[in-house]
Amino acid sequence: MQKLYYSPTPTSPEICFSPDESIFFMRGISNPEDVRAIYYPVIDWFRQYTDSLAADNTHKYSANFPLKFQVDLEYFNSSSAKFLYDIFLELKRLGSNGNEVRVEWFYDEEDTDLQEAGSDIASLVEMAFTFVPKPR
């Protein structure tokens, strides 16, 4: 599957999903005016990727080689939260197909709101996240 890459802007995050390089991350700020324009293609990409792995049982992520999804957002608005939830549902579906998925949620160690937001999303989607504090 082809790599998906979005360059960051002042209101949208850098997004990189590269299965060949085993790189999956989102970082920056997510406060776009048209959240659908950014996240619909991202969710579609993940759905296609999940479907392709389900169809091809030879390529699986394992405990020794998990799909590591890193989220390092400084800020995201409530509209973005809904789409983040949808992305995590796809990750959960990937995990339910026998793949090992690990989510790393980075947050500024002084920003407990961002950590709580990640905790809330993890709880809603019923996935375990690893919370990684970033020192100032």
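Anything mentioned here points back to the structure above.
Since the model is a prediction, treat every value here as computed from it, not as a measurement. Just so you know, the residues in each chain are numbered from 1, in the order the chain's sequence is written. Residues qualify for local features only when their pLDDT is at least 70, as the model is predicted, and side-chain atom pairs are given and counted only at 80 or more; totals for whole chains, interfaces and linings, by contrast, use all residues. No hydrogens and no water enter the side-chain calculation; it runs on all heavy atoms of the structure.

J.: Quick rundown of the side chain of Glu14? Include the residues and the values.
T.: Runs of H or I in DSSP of at least four residues are treated as helices and runs of E of at least two as strands, each being numbered from the N terminus. Mapped onto the secondary structure, Glu14 falls in strand E2 (residues 14-18). The buried label goes to any residue with under 20% of its type's maximum accessible area, the exposed label to any with over 50%, and the partly exposed label to all in between, with areas taken from a 1.4 Å probe on protein chains only. Look at Glu14 and you get buried, because its relative accessible area is 14%. A distance of 2.7 Å separates the side chain of Glu14 from the side chain of Tyr5, its partner in a polar contact. Contacts of Glu14, omitting those with residues within four sequence positions, involve Tyr5, Tyr6, Ser7, Pro8, Phe25, Met26 and Arg27. Between N or O atoms, a polar contact is any pair within 3.5 Å; within protein, one atom must be a potential hydrogen donor and the other a potential acceptor, and residues adjacent in sequence are included only when both atoms are from side chains. Here, two residues are considered to be in contact whenever any of their heavy atoms come within 4.5 Å of each other.

J.: Describe the packing of helix H1 (residues 35-55) against helix H2 (residues 78-96), with residues and values.
T.: Close contact between H1 and H2 brings their axes to 9 Å; oriented N to C, the two are set at 5°. By the angle between their directions, the pair H1 and H2 is classed as roughly parallel. Taking contact as the criterion, the partners of Val35, Arg36, Tyr39, Tyr40, Val42, Ile43, Phe46, Arg47, Thr50, Asp51 and Leu53 in H1 are, on H2, Ser79, Ser80, Phe83, Asp86, Ile87, Glu90, Leu91, Arg93 and Leu94. Orientation is described by lines fitted to C-alpha atoms, with helices fitted over the stretch in contact, and by angles between N-to-C directions that extend from 0 to 180 degrees. Any angle between 65 and 115 degrees counts as roughly perpendicular, while under 35 counts as roughly parallel, over 145 as roughly antiparallel, and the rest as oblique.

J.: Go over the nonpolar core, please, and point to the residues and values.
T.: By nonpolar core we mean a set of buried residues, namely Ala, Val, Leu, Ile, Met, Phe, Trp, Tyr and Cys, connected to one another through side-chain atoms within 4.5 Å. The biggest cluster of nonpolar side chains holds 36 residues, and the ones touching the most others in it are Phe17, Phe69 and Phe88. If we skip the residues at most four places from it in the chain, Phe69 touches Phe17, Phe24, Met26, Phe46, Ile87, Phe88, Leu91, Arg102, Val103 and Glu104.

J.: Requested: an account of the packing of aromatic side chains, with residues and values cited.
T.: We call Phe, Tyr and Trp rings a pair once their centres come within 6.5 Å, taking the six-membered ring for Trp, and we label the pair stacked below 30 degrees between planes, edge-to-face above 60, and tilted otherwise. For the coordinates displayed, the defined rule picks out 21 aromatic pairs. Arranged with centres 6.4 Å apart and planes meeting at 40°, the rings of Phe88 and Trp105 form a pair that is tilted. With Phe88 in helix H2 and Trp105 in strand E5 (residues 101-108), this residue pair connects regions lying 17 residues apart in the sequence.

J.: Break down the packing of H2 against helix H3 (residues 112-125) for me, with residues and values.
T.: At their nearest, the axes of H2 and H3 sit 10 Å apart, and the two run at 50° to each other. Judged on the interaxial angle alone, H3 and H2 are oblique. For the element pair H2 and H3, the recorded crossing hand is right-handed. Where H2 abuts H3, its residues Leu84, Tyr85, Phe88, Leu89 and Lys92 lie against Ile121, Leu124 and Val125. Crossing chirality is assigned from the near helix's rotation relative to the far helix, an anticlockwise turn below a right angle marking it left-handed and a clockwise turn marking it right-handed.

J.: I'd like a rundown of the sheet that holds strand E4 (residues 67-76), residues and numbers included.
T.: Here a strand pair is declared whenever DSSP counts at least two bridges between the two strands. The 6 strands lie next to each other as E1-E2-E3-E4-E5-E6, forming an open sheet whose pairing is mixed. Among the strands making up the open sheet, the edge pair consists of strand E1 (4-6) and strand E6 (129-134). On average, each strand axis in the sheet is inclined to that of its neighbour by 15°, with strand direction left out of account. Bridging between strand E3 (residues 23-30) and E4 involves 7 bridges; their strand directions are parallel. The residue bridging Ser30 from the neighbouring strand is Phe76, located in E4. Sitting on the sheet, H1 touches E1, E2, E3 and E4, and the angle it makes with E2 is about 15°. Along the sheet, H3 makes contact with E4, E5 and E6, crossing E5 at roughly 155°.

J.: Before we move on, could you go through H2 and cite the residues and values that matter?
T.: Taking 1.5 Å as the rise per residue, H2 with 19 residues should run 27 Å; its terminal C-alpha atoms sit 27 Å apart, in good agreement. Taken together, the buried positions of H2 are Ser80, Phe83, Leu84, Asp86, Ile87, Phe88, Glu90, Leu91 and Leu94. Those residues of H2 hidden inside the fold are in contact with E3, H1, E4, E5, H3 and E6. Once H2 ends, the next one or two residues include Gly98, with phi positive near 95°. Any helix carries an expected span of 1.5 Å times its number of residues minus one.

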